[in-house]
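Coordinate inspection notes
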Amino acid sequence: MTATPASRRADRSARRAVSMMDVAAHAGVSQKTVSRVVNGEPHVRPEVRERVQRAIDTLEFRPNAAARSLVTRRTRRIGVVALGTSFHGPTSALAALESVARAGHYSLSVHRTDSTSRTEIQAAVDTLLSEGVEGIVLSEPMHLDGAPLRIRGDVAVLTLGARGLTSRPDELVVGTDEEDGGRVAAEHLVSLGHETIHHLAGPEGWISSQLRREGWESVLRHRGLRVPEPATGDWSPRSGYEAMQRLLDSDDRPTAVFVANDQMAVGAIAAIQAAGLHVPEDVSIVGFDDIDVAEFLATPLTTLRQQFTLAAHDGMNQLIRAIDGNVRTSPAHLVPITFVERATTAPPRPSQAPDHR
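Note that the coordinates shown come from a computational prediction; the quantities given were computed from them, not determined experimentally.

Rules and cut-offs
- Residues numbered from 1 in each chain as written.
- Predicted model: local features only at pLDDT ≥ 70, side-chain atom pairs only at ≥ 80, totals over all residues.
- Heavy atoms only, no water.
- Helix = DSSP H or I, 4+ residues; strand = E, 2+ residues; numbered from the N terminus.
- Buried < 20%, exposed > 50% of the residue type's maximum accessible area, 1.4 Å probe, protein only.
- Contact = heavy atoms within 4.5 Å.
- Areas by Shrake-Rupley, 256 points an atom, 1.4 Å probe, with all protein chains shown as cover.
- Core = buried A, V, L, I, M, F, W, Y, C linked by side-chain atoms within 4.5 Å.
- Pairing = 2+ DSSP bridges.

Moving on, we get to the overall build of the protein chain. On a plain count of helices and strands, the protein chain comes out with twelve helices and twelve strands. Scored against the burial criterion, the 357 residues of the protein chain give a buried share of 47%. Looking at the protein chain alone, contacts between residues at least 24 apart form 71% of all its contacts between residues at least 6 apart. Counting only carbon and sulfur atoms, one obtains 50% of the accessible surface of the protein chain, whose full area is about 17,800 Å².

Counting residues in hydrophobic clusters, the biggest one holds 26 residues, and the most contacted among them are Leu 200, Met 244, Val 257, Val 259, Ile 272 and Ile 285. Of all the elements in the fold, those that place two or more residues in this core are α10 (237–249), β8 (256–259) and α11 (262–274). For this core, the element with the highest residue contribution is α11, accounting for six residues. Leave out the neighbours within four places in its chain, and Ile 272 touches Met 244, Leu 248, Leu 277, His 278, Val 279, Val 283 and Ile 285.

Turning our attention to the pairing of strand β5 (residues 172–176). Most of β5 sits inside the fold, with five of its five residues counted as buried. The side-chain alternation of β5 yields two buried faces, one formed by Leu 172, Val 174 and Thr 176 and the other by Val 173 and Gly 175. Sheet analysis places strand β4 (residues 156–160) next to β5, joined by three bridges and oriented parallel. Considered in β5, the bridge of Leu 158 is made with Leu 172.

Dropping the structure here:
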């Protein structure tokens, strides 16, 4: 009688579970070597590691995580506290964190927060600590009010951003140099001959908004140029459209605008075109982030490329090394931002340029 799929599944489930000893026998190595491979430990030759992995795959060995943690006192779990958002930066960073964690044989426990309340974020941290995580990543892009977050000293900590969120001297801080990005954007527009450079800023409370604004403002002050009051958006194209409409309707119509992210820049360009004007002939635009669509717009967007993935990769690798007891002496690290010049910036029209006679 031919076995049915259901009977075959039942037969497999009735078999004895594959053990680490079975894997060792199949690979022709010691049980200790199998344990080292399963736990991602060093000091295993690449060819031996590959042979053991083939045996694991062939035998469909599934290590018991709970039992392994009791033996090794390691959970190989990292917690992430992240703002619940679909914005480009945070989502790109989370994908990179997951990739590095998997490569290092770690699992991630992600707790998303709905606000940047210190109480809510501390509660998420406490939950992760109760789950036995060996490290915590704080991916919270906004300022926190009140005292620094409390995290036990035996748990490694990484903050993705330009500033730490705990008072731990060993807290790892990895981010992109957003203030320098604001400076580069403003310097580019000044170099083209624009003397009044407006800024369409991100929402209040966001660290990115503050840093990008500070970079833009520092250049204007250093150059002795007027610093217009920034317009404000909420990172969305709609808010960029509406903010640019307000600028165009004002008595201080801009010839150049540094926009705090590409999504708002897309909306700003649409508002300029709706007013019967052209980019960059009438208004030059510089964005920030270099999202996928930026180079494929009808007028490709000049922008600042953030290395979200590189920063997250670098940070997670540092965190894993810290979990293993290798903490870098200078824990703060900022990844440079790349200026990408495309077609949305140009010198002001002769009629727009200031008359210095």
